[in-house]
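# Chains, contacts and geometry: an overview
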Amino acid sequence: MHDFGYDVSDYNAIEPIFGSMQDFDNLLEALHKRKIRLLLDLVANHTSHEHPWFVESRSSRTNPKRDWYVWRDGNRFWPPNNWQSVFGGSAWEWDSKTESYYLHSFLKEQPDLNWRNDEVKAAIFEVMEFWLKKGVDGFRLDVVNMFFKDSEFKSNPLRLWGWRYPRPYEFQTHIHDMSQDEMHPMLKEMRQLLDKYNAVAVGEVMADFAGDTALAASYLGDNDELHLTFDFTLLYQKWDAHAIGKTLAAWYTACSTNWPTLVFNNHDQDRSVNRYSKAFENDARAKILAALLLTAKGTPFLYYGEEIAMKNGSIEKADLRDPVGIRFWPLTVSRDPARTPMLWDKSHNAGFSTEKPWLPVNDDYLKRNKEAQEADAGSVLNFYRKLLAFRKENAALRLGSFSLLDRGKNVLAFRREHKGDIIDVYLNFAAAPSAIPLPSGRVLFSNQNRYGLSRSLGGYEVLLIAVDS
Ligand code: GLC
């Protein structure tokens, strides 16, 4: 639990603090009974330093598992190259027992596996089969483009621009410690394994900058590598209808005939409500984002709490858990604020637990919680539900083609079309109404009082129109 689950010491077991294998089996069965599928987060770039593979590997230079990890000789005071850990400091840790360095792209408790060794690949594929045989429906592949590193261990070039936080990792261009070409043939093999079980994989692609649509799309191959990948360009966009539209279009172009994902939140980022906060308009903005997530083209990914527009928790230094937040404090890089307990109701600890939760409960929980929003017809939660229902009913929203409609600065408008059904989506990113032309058709959905299409688009209005064809 050095990185809360991203440091695996046994791939085929359940961490006891979360329950038992029986609990897992029950969960899987209960989900499947309800037609809900389950993907596991597969962390295969690195293991825990406590994993028996690494314990063996570090035990001697001649151990059969020595080459399962990335070891390099060097001088104790001079690491093999300039690679940096994402979580701070050199990516190389000196191991005095065998007097050499091992690579860790994250914490030193997370040594990187050597994917150039075929035994490692076989071992991870075996892990995948273990869970696939149990019936899981697929995997999220953690930092998938980091598995392979430059075979000559060349240092990364330095750069002085493009950083978000002043940490050394961001002052180099990561051309040698990630995104190597060897990833593609490996993913093709993995795809065959997944297809055998009719399972899906979605890869988390680490980009050098905020996001990289082309890089993320490249791991889809010709629909023969990963089924889906995450690109975070959209997630890092400013509140700007035009820029978001442009990014979407670029993402779809990059994906070409492959299938895109849509994502605005995850456990590593500030919550979208905070990124886009604007005094009293937060819920209005949360609804615009929800509408975008559920009506644009792509598989939507929702992070818990997003459906009630949960905010970042405010966390005192003493309560920090995330090793990154602790290391870089007082820089606000901690991932803890987005990981606070789900707000279920107004009871003790927001109904999350009777025990003291691992992170403090958000202080607005009496007002903002799932139970309160359920009772409020205009809540963000009920908005999500309505739109999810629309998505389910309308194949055009799920499967349709996508084209941007140019409707000025503050309005993001696009057309989805499937087998002759056309749905136009209008999202007003501003509080002010917008007098733009609307097509003739039938109002499918609006979050405001609206009869017909004769009046202009209201402030923060979400409007779905079934267009006359
Ligand atoms: C990914 C995960 C993050 C984790 C890291 C190392 O970025 O999303 O939470 O800390 O990989 O495994």
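As a starting point, this report considers the structure included with it. (Residues numbered from 1 in each chain as written. Predicted model: local features only at pLDDT ≥ 70, side-chain atom pairs only at ≥ 80, totals over all residues. Heavy atoms only, no water.)

## Focus: the site of the ligand
- Lining the immediate environment of the ligand, one finds 13 residues, of which D3, D142, H267, D268 and R335 sit closest.
- With respect to the ligand, the side chain of H267 contributes an N or O atom lying 2.9 Å from an oxygen atom.
- Between an oxygen atom of the ligand and a side-chain N or O atom of D268, the distance comes to 2.5 Å.
- Look at the ligand: alone it shows 310 Å² of surface, and the protein chains cover 97% of it.
- In terms of residue class, the shell around the ligand is built from four nonpolar, two polar and seven charged. (Near = heavy atom within 4 Å. Polar contact = N/O pair within 3.5 Å; in protein donor to acceptor, adjacent residues only side chain to side chain. Areas by Shrake-Rupley, 256 points an atom, 1.4 Å probe, with all protein chains shown as cover. Nonpolar A, V, L, I, M, F, W, Y, C, P; charged D, E, K, R; others polar.)

## Digging into the nonpolar core
- Among the nonpolar cores identified, the biggest contains 90 residues, and M128, F139 and L427 are the most heavily contacted of them.
- Not counting residues up to four positions away in its chain, the partners in contact with M128 are L42, F139, M190, L193 and L194.
- Judged by nonpolar contacts, the second largest core, of 13 residues, contains V86, Y165, M178 and F328. (Core = buried A, V, L, I, M, F, W, Y, C linked by side-chain atoms within 4.5 Å. Buried < 20%, exposed > 50% of the residue type's maximum accessible area, 1.4 Å probe, protein only. Contact = heavy atoms within 4.5 Å.)

## Concerning the pairing of strand 3 (residues 92–95)
- Direction of pairing for strand 3 relative to strand 4 (residues 100–103): antiparallel, over a ladder of four bridges. Within the sheet, the bridge partner assigned to E93 lies in strand 4 and is Y102.
- Here strand 3 hands over to strand 4 after four residues, with E99 in that stretch at a positive phi of 50°. (Pairing = 2+ DSSP bridges. Helix = DSSP H or I, 4+ residues; strand = E, 2+ residues; numbered from the N terminus.)

## Some remarks on the sheet that holds strand 3
- Spatially, 2-4-3 is the arrangement adopted by the three strands of the open sheet, whose pairing is antiparallel. Across the chains shown, the open sheet's two edge strands, defined by having one partner strand only, are strand 2 (71–72) and strand 3.
- As paired strands, strand 2 and strand 4 are joined by two bridges and run antiparallel to one another. When the sheet's bridge partners are listed, R72 is paired in strand 4 with Y101.

## Remarks on a nonpolar patch on the surface
- A cluster of nonpolar side chains, M1, I17 and F18, forms an exposed patch at the surface whose accessible area comes to about 340 Å².
- Along the chain, the position of F18 falls in the segment before helix 1 (21–33). (Patch = residues over 30% accessible without salt bridge, like charges linked within 9 Å, V, L, I, M, F, W, Y side chains within 5 Å. Salt bridge = Lys/Arg side-chain N within 4 Å of Asp/Glu carboxyl O.)

## Focus on the packing of aromatic side chains
- Counting across every chain of the model gives 24 aromatic pairs.
- Centre to centre, the rings of F130 and W131 are 5.0 Å apart; their planes meet at 90°, and the pair counts as edge-to-face.
- Ring centres 4.7 Å apart and planes at 75° place the aromatic pair F230 and F301 in the edge-to-face group. You can see F230 sitting in strand 7 (residues 228–230) and its partner F301 sitting in strand 9 (residues 299–301), a full 71 residues away along the chain.
- The ring of W71 has R66 sitting right over it, with the charged end atom 3.8 Å from the ring centre.
- Of note, R167 hangs over the ring of F328, and the distance from its end group to the ring centre comes to 5.4 Å. (Phe/Tyr/Trp six-rings, centres within 6.5 Å; stacked < 30°, edge-to-face > 60°. Lys NZ or Arg CZ within 6 Å of the ring centre and 35° of its normal.)

## Focus: the packing of helix 1 against helix 3 (residues 118–134)
- Relative to each other, helix 1 and helix 3 sit at 55°, their axes nearing to 11 Å. On the basis of the axis angle, helix 1 is oblique to helix 3. Contact residues: M21, F24, D25 and L28 in helix 1; F130, W131 and K134 in helix 3. (Axes fitted to C-alpha atoms, helices over the stretch in contact; angles between N-to-C directions. Parallel < 35°, antiparallel > 145°, perpendicular 65-115°, else oblique.)

## Looking at the environment of I315
- Within the fold, I315 resides in the loop between strand 9 and helix 9 (323–328).
- Spatially, the C-alpha atom of I315 lies 31 Å from that of L27, the residues being 288 residues apart in sequence.
- For I315, the residues in contact, after removing those within four places along its chain, are L320, D336, P337, T340, L359 and P360.

## Looking at helix 1
- Taking 1.5 Å as the rise per residue, helix 1 with 13 residues should run 18 Å; its terminal C-alpha atoms sit 18 Å apart, in good agreement.
- Taken together, the buried positions of helix 1 are occupied by F24, L28 and L31. Around the axis of helix 1, the buried residues are gathered within 65° of arc, so they sit on the same side. More than 90 degrees from the buried face of helix 1, the exposed residues found are Q22, E29 and K33.
- On its buried face, helix 1 is in contact with strand 1 (39–42) and helix 3.
- At the C-terminal side of helix 1, K35 shows a positive phi close to 60°. (Expected span 1.5 Å × (residues − 1). Arc of directions from axis to C-beta.)

Remember, this is a structural readout, not a statement about activity or role.
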